[in-house]
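The lines below spell out each chain.
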Amino acid sequence: MDLDTTHPAISDLRRAARRRIPGFVFEYLDSATGDREVGVGTTRAALDAIHLLPSILHGEIDPVLETPLLGRSYARPFGIAPVGMSGLIWPDAERLLAAEAAAARIPYGLSTVATQVPERVGPKAGGMGWFQLYPPADPVIRDDIMARAKASGFETLVLTVDVPADSRRERQRRANLTIPPKITPRMVAQMALHPRWALGMAQHGRPSLKLAESYVEKSGAASYMAHAGKAIRGAPDWAYLDALRAGWDGPLVVKGVLRPEDATRLQAAGVDGIWVSDHSARQFEGGPGAITQLPAIRAAVGPDYPLIYDSGIEGGLDILRAVGMGADFVMLGRAWHFALAGLGPRGVRHLIHLLTQDLITNMQMCGLATLADFRDELAPRR
């Protein structure tokens, strides 16, 4: 049957992924933080509160989705956000997703805490690669990671600043999942019930934080550590940002911004774009829906400064909402992994199709030929 019939929405891809991956893996992908995960509901409610007014009698509209951003032109106004331990969710996920992003001409973000090193992923991304940096305290390690990312073909550097501490993620803890995983009898039983995932893992090897592990000894750590990422995680400040800006000669984006005053200071510091995000409520559940902060940040940085948004996006309508609230570009993380885990690479291509068609339909309903028209001509009602 046609995937448009069997999997017409991201929720269908989520269900497919849940069937094909072990329970502890699904909990890692799907969970947020907090015992009741209130932040997830806050984000969803904030998106649903944005109402768009349809516009009539525009004749035939064939919306243009080509979107310029940070010196490149992308085929769609959305891309693949970095997700830590992506290769735990599906075998070789980082390289598979990078290849699909290259074919579709959309950005692909590789996390510092991926299961693959930049050298193995960058060539697959075909110039579409962004490298997301969790900031090492050691400047030698920091500079070496940046050099490796640049040499591997990653043109845009994304500094994530909204993870000053590890979050609780209670569902993940109940699943007894550590990073990297410590295999328990319960996990073995779950893996046995998901043979495609298990065989893929056997082929590609136990997922681990390979980039982080390559610096464990250099950091002075006494052992391999339960979470090798701790060997390279630091606590950045404004001086750290200045050093990063001086050391990276491509576009620099800062991810995890919610305050307008932080946005203007980042802009003044030479950051090329700001990524408005609440980490999809995986780090902190007590804040507002990130989408509510977009208008004030847009007003603070001006009309032409690049703003990227993620958090809670579930379809093309949400992408249009984000653009209407001030974003130039939208990134998704979980959805791509639902698609890949549920249907393999064809699931990723299907998700691109779903987002594209939903976005086009809603643009036509609103009388929009381009996304640039949205902020100029149609104010969202809240």
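Everything in this summary refers to the structure shown in the same document. (Residues numbered from 1 in each chain as written. Predicted model: local features only at pLDDT ≥ 70, side-chain atom pairs only at ≥ 80, totals over all residues. Heavy atoms only, no water.)

Summing up its helical and strand segments, the protein has 19 helices and 10 strands in all. Each of the 382 residues in the protein was classed as buried or not, and the buried ones make up 58%. In the protein, the share of contacts with a sequence separation of at least 24, taken over all contacts with a separation of at least 6, comes to 74%. Total accessible area on the protein stands at roughly 15,800 Å², and carbon and sulfur atoms take up 54% of it. (Helix = DSSP H or I, 4+ residues; strand = E, 2+ residues; numbered from the N terminus. Buried < 20%, exposed > 50% of the residue type's maximum accessible area, 1.4 Å probe, protein only. Contact = heavy atoms within 4.5 Å. Areas by Shrake-Rupley, 256 points an atom, 1.4 Å probe, with all protein chains shown as cover.)

It is worth spelling out the environment of aspartate 144 at this point. By the element assignment, aspartate 144 lies in helix α8 (residues 139–151). Remark: the alpha-carbon pair of aspartate 144 and tyrosine 215, spanning 71 residues in sequence, is separated by 10.0 Å. Polar contacts involving the side chain of aspartate 144 include one to the side chain of tyrosine 215, which spans 2.5 Å. (Polar contact = N/O pair within 3.5 Å; in protein donor to acceptor, adjacent residues only side chain to side chain.)

Relative to each other, helix α17 (residues 334–343) and helix α18 (residues 345–365) sit at 135°, their axes nearing to 6 Å. On the basis of the axis angle, α17 is oblique to α18. When the axes of α17 and α18 are compared, the crossing they make is right-handed. Two secondary-structure elements touch here, α17 through Ala335, Trp336, Ala339, Leu340 and Leu343 and α18 through Pro345, Arg346, Gly347, Val348, Leu351, Ile352 and Leu355. Across the contact of α17 with α18, the residue classes tally to 10 nonpolar, 1 polar and 1 charged. (Axes fitted to C-alpha atoms, helices over the stretch in contact; angles between N-to-C directions. Parallel < 35°, antiparallel > 145°, perpendicular 65-115°, else oblique. Left-handed = near helix turned anticlockwise from the far one by under 90°. Nonpolar A, V, L, I, M, F, W, Y, C, P; charged D, E, K, R; others polar.)

What follows covers the environment of glutamate 314. With respect to the helices and strands, the residue glutamate 314 is situated in the loop between β9 (307–309) and α16 (316–324). Sequence separation between glutamate 314 and leucine 332 is 18 residues; the distance between their C-alpha atoms is 8.6 Å. In contact with glutamate 314, not counting residues within four places along its chain, are Ile10 and Arg44.

The side chains of a regular strand alternate between both faces of the sheet. Here strand β6 (residues 156–160) lies mainly inside the structure; 5 of its 5 residues are buried. Burial of the side chains of β6 extends over both faces: Thr156, Val158 and Thr160 are buried on one face and Leu157 and Leu159 on the other. Bridge count for strand β5 (residues 129–133) against β6 is 4 bridges, and the pairing is parallel. Looking across to β6, one finds that leucine 133 is bridged to leucine 159. Read from β5 through α8 to β6, the crossover connection turns out right-handed. Direction of pairing for β6 relative to strand β7 (residues 252–257): parallel, over a ladder of 4 bridges. Its bridge partner being in β7, valine 158 is matched across the sheet by valine 253. (Pairing = 2+ DSSP bridges. Right-handed = clockwise from strand over helix to strand, strands pointing away.)

Turning to its location among the elements, threonine 356 is positioned in helix α18. Looking at threonine 356, its side chain comes within polar contact range of the side chain of arginine 76, at 2.8 Å. Beyond its immediate sequence surroundings of up to four residues, threonine 356 is in contact with Leu65, Arg76 and Phe78.

A separate point is the packing of aromatic side chains. On inspection of all chains with the given rule, the structure shows 7 aromatic pairs. Relative to tryptophan 275, the ring of tryptophan 130 has its centre 6.2 Å away and its plane inclined at 85°; by these criteria the two rings are edge-to-face. Of this pair, tryptophan 130 sits in strand β5 while tryptophan 275 is found in strand β8 (residues 273–276), placing the two residues 145 residues apart along the sequence. Among the aromatic residues, those joined into a ring-pair cluster are Tyr74, Trp130, Trp275 and Phe329. (Phe/Tyr/Trp six-rings, centres within 6.5 Å; stacked < 30°, edge-to-face > 60°.)

Moving on, we get to helix α6 (residues 93–104). The end-to-end C-alpha distance of α6 is 16 Å, a good match for the 16 Å that 12 residues give at a rise of 1.5 Å each. Of the positions making up α6, those classed as buried are Ala93, Glu94, Arg95, Leu97, Ala98, Glu100 and Ala101. Phi turns positive one or two residues past the end of α6, at arginine 105, with a value near 60°. (Expected span 1.5 Å × (residues − 1).)

With that out of the way, let us pick up the pattern of salt bridges. A full pass over the atoms with the stated rule returns 18 salt bridges. The residue arginine 148 makes a salt bridge to glutamate 119 at a minimum N-O spacing of 2.7 Å. Taken as a pair, arginine 148 in helix α8 and glutamate 119 in helix α7 (residues 118–125) lie far apart in primary sequence, 29 residues in all. For arginine 148, a relative accessible area of 18% gives the class buried. (Salt bridge = Lys/Arg side-chain N within 4 Å of Asp/Glu carboxyl O.)

Take the pairing of strand β4 (residues 108–111) next. Burial along β4 is two-sided: the face carrying Tyr108 and Leu110 and the face carrying Gly109 and Ser111 are both buried. Across 4 bridges, β4 lies against β5 in parallel orientation. Its bridge partner lying in β5, glycine 109 is registered against tryptophan 130.

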